[in-house]
Amino acid sequence: MEMSTLELLLEFLKVLPINIIIIILSAALGLLFAILLTFLRIKKIPVISQMADLYVSFARSVPGLILLFIAYFGIPKILSLMGFNSVDVSPMHAAIISMGFYHSGYISEVFRPAYLSVDKSQHEAADSLGYTPTKKFFRIILPQVIPVALPGYGNGLVYLIHDTSLIFAIGVIDIMGVAELFISRSYGTNQVFIYFVIALMFSAMCFTADFLIKKLEKKTSFR
Amino acid sequence: MGKRLISFTLCIFVLIFLVACSNDDKTKAESDGDKNVRIIKVATGHTSKPLSWIDKDGEVTGYEPEIIKELDKVIDGYKFELVAVEDSAGETGLATGKYDMLAGGLGFTEERAEQYIIPSESNGRALIKIYVGKDSGIEGIEDLVGKNISPLSPAGATLKTVKDWEAEHPEHKLKYDLADVGIPMADRLKEISNGKYDALFYPSSYGQIKIIEDQKLAVRATDPIKIIPTFFMIHKSEENEKLKEAIDEGLKKLKDSGKLSELSVEFYDEDVFQYDK
């Protein structure tokens, strides 16, 4: 029944790539959707902008575990109603989709105010100099949006990392899963120690994300 | 910058596709094997030792998963595939049809009978026992009047059992709180051993015998105060009516051959069927 600390750490390290893959892919998926959502919301296209608002509100207000269950159990159901009977969603898929969905809603709400914080005169100056809309966006607006958005984006990443602790519920054995399995195999006799190790691992992941964002902040700041 | 964004987007979708393929390959290969064999996905718990859990080698094991593996041997036309998930995910997946069966140590209720197909043959027994100090002299529920009882979970059959007993014996009043705090079984038994509480009502399928032995606790269990047959739950659909018949037949064979009792002793350290009258 007793387990060694080394054995526990080795098990954690073995499954750590699963957490990292899910974090990277859902962060990337979330970023792409967030950019699209922010664009749709800023452009104020009738109906579509309102739908984007609704999406953001839904993604931010529904708890992560419920989103995970909706992606895992709901998507195959919806697809079968559309006639795709044999399509199944793997637990990894569901985790990436639901985390990306949640993340896109959260960071779209970071990007939108960051975009709106750019003074109107900057747009006018670029227009008067004959910039095309694409050139204006990438050369004038985006460099001013990024430093404003980065701290909020960093927070979004930290929340995303926290939410990966839920994916064991649908059977993905990540670091939280290994922790629960160790606890269960020993009938809960070493629960506090294992949770302490897990807390350190999540802290390390959040610290790394924080460090990278801070580096990016420094690189993109005007000063 | 625009080109970079497009390349980044493509990379993400390719990566997600690759992750997905690596997950699905196994299932595909198995289902292509024999077209006359129907694959049945059975959801089960992953941290409910000894009922069901994932062992060191990553294998799903436990009393109910091992019954499923035995059914695989005695039933033709079906191949059972165990999927270990959280209890709530198991029930949600069964209701939506993601899983065909659920092995979760569940008893019969009218609500479950409405929602799922329940086989006629049960697969085991949930025994609700009272865990008390070794020298406490407590033998039954009537001895607990005026005693300090460990908090009862507001959900599940244990509280119902105690409430039913109180309704039948209005002259005896038990004192207890309701709490669902997720304290591990080992800690709950220690609370009996160190005298914090006089008694703990709990189903006996949480490895208590092993914990008491391993931790050398001065705790013993009374005879069951309630015996509840447990069943596999099957997703409600027309084609699963046949599956129910096959499960009934298979379970009967396993029970008659003594295999269920054997597995019970292996995982629960006692034959849960010994209390049947």
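What counts as what
- Residues numbered from 1 in each chain as written.
- Chains lettered and ligands numbered in written order.
- Predicted model: local features only at pLDDT ≥ 70, side-chain atom pairs only at ≥ 80, totals over all residues.
- Heavy atoms only, no water.
- Helix = DSSP H or I, 4+ residues; strand = E, 2+ residues; numbered from the N terminus.
- Buried < 20%, exposed > 50% of the residue type's maximum accessible area, 1.4 Å probe, protein only.
- Contact = heavy atoms within 4.5 Å.
- Areas by Shrake-Rupley, 256 points an atom, 1.4 Å probe, with all protein chains shown as cover.
- Lys, Arg positive; Asp, Glu negative; His and termini not counted.
- Charge placed at Lys NZ, Arg CZ, Asp CG, Glu CD.
- Buried area = accessible area lost by both parts, 1.4 Å probe.
- Salt bridge = Lys/Arg side-chain N within 4 Å of Asp/Glu carboxyl O.
- Pairing = 2+ DSSP bridges.
- Domains from an automatic or database assignment.
- Core = buried A, V, L, I, M, F, W, Y, C linked by side-chain atoms within 4.5 Å.
- Axes fitted to C-alpha atoms, helices over the stretch in contact; angles between N-to-C directions.
- Left-handed = near helix turned anticlockwise from the far one by under 90°.
- Nonpolar A, V, L, I, M, F, W, Y, C, P; charged D, E, K, R; others polar.
- Phe/Tyr/Trp six-rings, centres within 6.5 Å; stacked < 30°, edge-to-face > 60°.

Engineer: Can you break down the overall build of chain A residue by residue, with the values?
Structural biologist: Within chain A, the secondary structure is distributed over eight helices and zero strands. Walking chain A from its N terminus toward its C terminus, one meets helices and strands in the order α-α-α-α-α-α-α-α. The dimensions of chain A, computed from C-alpha atoms along their principal axes, are 75 × 50 × 25 Å. For chain A, with 223 residues in total, the buried portion stands at 47%. Sequence separation of 24 or more characterises 75% of the internal contacts of chain A that already satisfy a separation of 6 or more. Accessible surface for chain A amounts to roughly 11,600 Å². Of this, 69% is attributable to carbon and sulfur atoms. A gap of 12 Å separates the mean positions of the 17 positive and 14 negative side-chain charges of chain A.

Engineer: Talk me through the interface of chain B and chain A; I want residue IDs and the actual numbers.
Structural biologist: Listed per partner, the contact involves 43 residues of chain B and 35 residues of chain A. Regarding the contact of chain B and chain A, the summed buried area is about 3,200 Å², with carbon and sulfur atoms giving 69% of it. Linking chain B with chain A are three salt bridges. Residues Asp88 of chain A and Lys98 of chain B are paired through a salt bridge, measuring 2.8 Å at the closest nitrogen-oxygen approach. Contributions of two or more residues to the side of chain B that touches chain A are made by α1 (2–33), β2 (47–48), β3 (52–54), β5 (78–85), α3 (87–96), α6 (185–193) and α7 (208–215) of chain B. The greatest single-element share of the side of chain B that touches chain A, amounting to 12 residues, is contributed by α1 of chain B.

Engineer: Mind laying out the sheet that holds β3 of chain B, listing which residues take part and the relevant values?
Structural biologist: Strand order in this open sheet of three strands is β2-β3-β4 (chain B), and the pairing throughout is antiparallel. Two strands bound the open sheet, and with one partner strand each, they are β2 and β4 (60–61) of chain B.

Engineer: I'd like a rundown of the domain arrangement of chain B, residues and numbers included.
Structural biologist: All names here are of chain B. Along its sequence, chain B is organised into domain 1 (36–125 + 229–275) and domain 2 (126–227). Relative placement of domain 1 and domain 2: their C-alpha centres are 27 Å apart. The partner domain 2 presents 12 residues to the 12 residues of domain 1 that form the contact. Approximately 970 Å² of surface area, both sides summed, lies buried where domain 1 meets domain 2, with 61% of it carried by carbon and sulfur atoms. The three residues of domain 1 that bury the most area against domain 2 are Arg125, Asp269 and Tyr275, which together make up 49% of that side's buried surface.

Engineer: A description of the nonpolar core should follow, citing residues and the corresponding values.
Structural biologist: If you look at the biggest cluster of nonpolar residues, it comprises 68 residues, and the most contacted ones within it are Phe12, Ile22 and Ile175 of chain A together with Met233 of chain B. When near neighbours in sequence (up to four residues on either side) are disregarded, Met233 of chain B contacts Leu94, Asp100, Met101, Leu102, Leu106, Gly107, Arg112, Tyr116, Ile117 and Ile118 of chain B. Counting residues in each nonpolar core, the second largest holds 28 residues, with Leu71, Leu243, Ala246 and Val272 of chain B among its members.

Engineer: An account of the packing of helix α2 (residues 63–74) of chain B against helix α9 (residues 259–268) of chain B is needed here, citing residue identities and associated values.
Structural biologist: All names here are of chain B. Interhelical geometry of α2 versus α9 gives an angle of 150° and a closest axis separation of 10 Å. Judged by the twist between their axes, the crossing of α2 over α9 is right-handed. Counting all contacts with α2, which are made through Tyr63, Glu66, Ile67 and Glu70, the residues of α9 involved are Lys259, Leu260, Leu263, Ser264, Phe267 and Tyr268. The residue makeup of the contact of α2 with α9, split by class, is six nonpolar, one polar and three charged.

Engineer: How would you explain unusual backbone geometry if you had to name every residue and give the values?
Structural biologist: Across residues other than glycine, the phi torsion is negative in most instances, and most of the peptide bonds are trans. Residue and element names in this part refer to chain B. Of the consecutive residues Lys49 and Pro50, the connecting peptide bond is found in the cis state with omega at 5°. The topology assignment puts Pro50 in the loop between β2 and β3. With a phi angle near 50°, Lys216 is a residue other than glycine that sits in the positive phi range. Relative to the helices and strands, Lys216 resides in the loop between α7 and β10 (219–221).

Engineer: Hey, could you go over the pairing of strand β9 (residues 199–203) of chain B for me, with residue numbers and the actual values?
Structural biologist: All names here are of chain B. Of all the five residues making up β9, five are buried; the element is thus mostly covered by neighbouring parts of the structure. Side chains Ala199, Phe201 and Pro203 project from β9 onto one buried face, and the interleaved Leu200 and Tyr202 project onto a second face that is buried too. Pairing of strand β8 (residues 124–133) with β9 involves five bridges; the strand directions are antiparallel. What sits directly across from Val132, in β9, is Ala199.

Engineer: How would you summarise the packing of aromatic side chains if you had to cite specific residues and measurements?
Structural biologist: Taken as a whole and judged by the stated rule, the model has 12 aromatic pairs over all chains. With centroids separated by 5.6 Å and ring planes inclined at 80°, the aromatic side chains of Phe69 of chain A and Phe73 of chain A adopt a geometry described as edge-to-face. Of the two residues, Phe69 of chain A and Phe73 of chain A are both situated in helix α3 (residues 64–81); the distance of four residues between them amounts to about one turn of the helix. Given the relative accessible area of 13%, Phe69 of chain A is considered buried. With a centroid separation of 6.1 Å and an interplanar angle of 75°, the aromatic rings of Trp53 of chain B and Phe267 of chain B are classed as edge-to-face. Here Trp53 of chain B is found in strand β3, whereas its partner Phe267 of chain B is found in helix α9, with 214 residues between them in sequence. For Phe267 of chain B, a relative accessible area of 9% corresponds to the buried category. Site record: aromatic cluster; members linked through ring pairs are Phe69, Tyr72 and Phe73 of chain A together with Tyr99 of chain B.

Engineer: How would you summarise the pairing of β5 of chain B if you had to cite specific residues and measurements?
Structural biologist: All names here are of chain B. The buried fraction of β5 is high, at six of eight residues. Sheet topology places strand β1 (residues 38–45) next to β5; eight bridges connect them, and they run parallel. Paired with Arg38 across the two strands is Tyr78, which belongs to β5.

Engineer: Give me the lowdown on the environment of Phe273 of chain B, citing residues and values where you can.
Structural biologist: Residue and element names in this part refer to chain B. Checked against the element boundaries, Phe273 lands in the segment after α9. Owing to a relative accessible area of 10%, Phe273 belongs among the buried residues under this scheme. The spatial distance from the C-alpha of Phe273 to the C-alpha of Leu127 is 9.7 Å, given a sequence separation of 146 residues. The residues touching Phe273, leaving out its near neighbours within four places in the chain, are Tyr63, Asn123, Gly124, Arg125, Lys255, Leu260 and Ser261.

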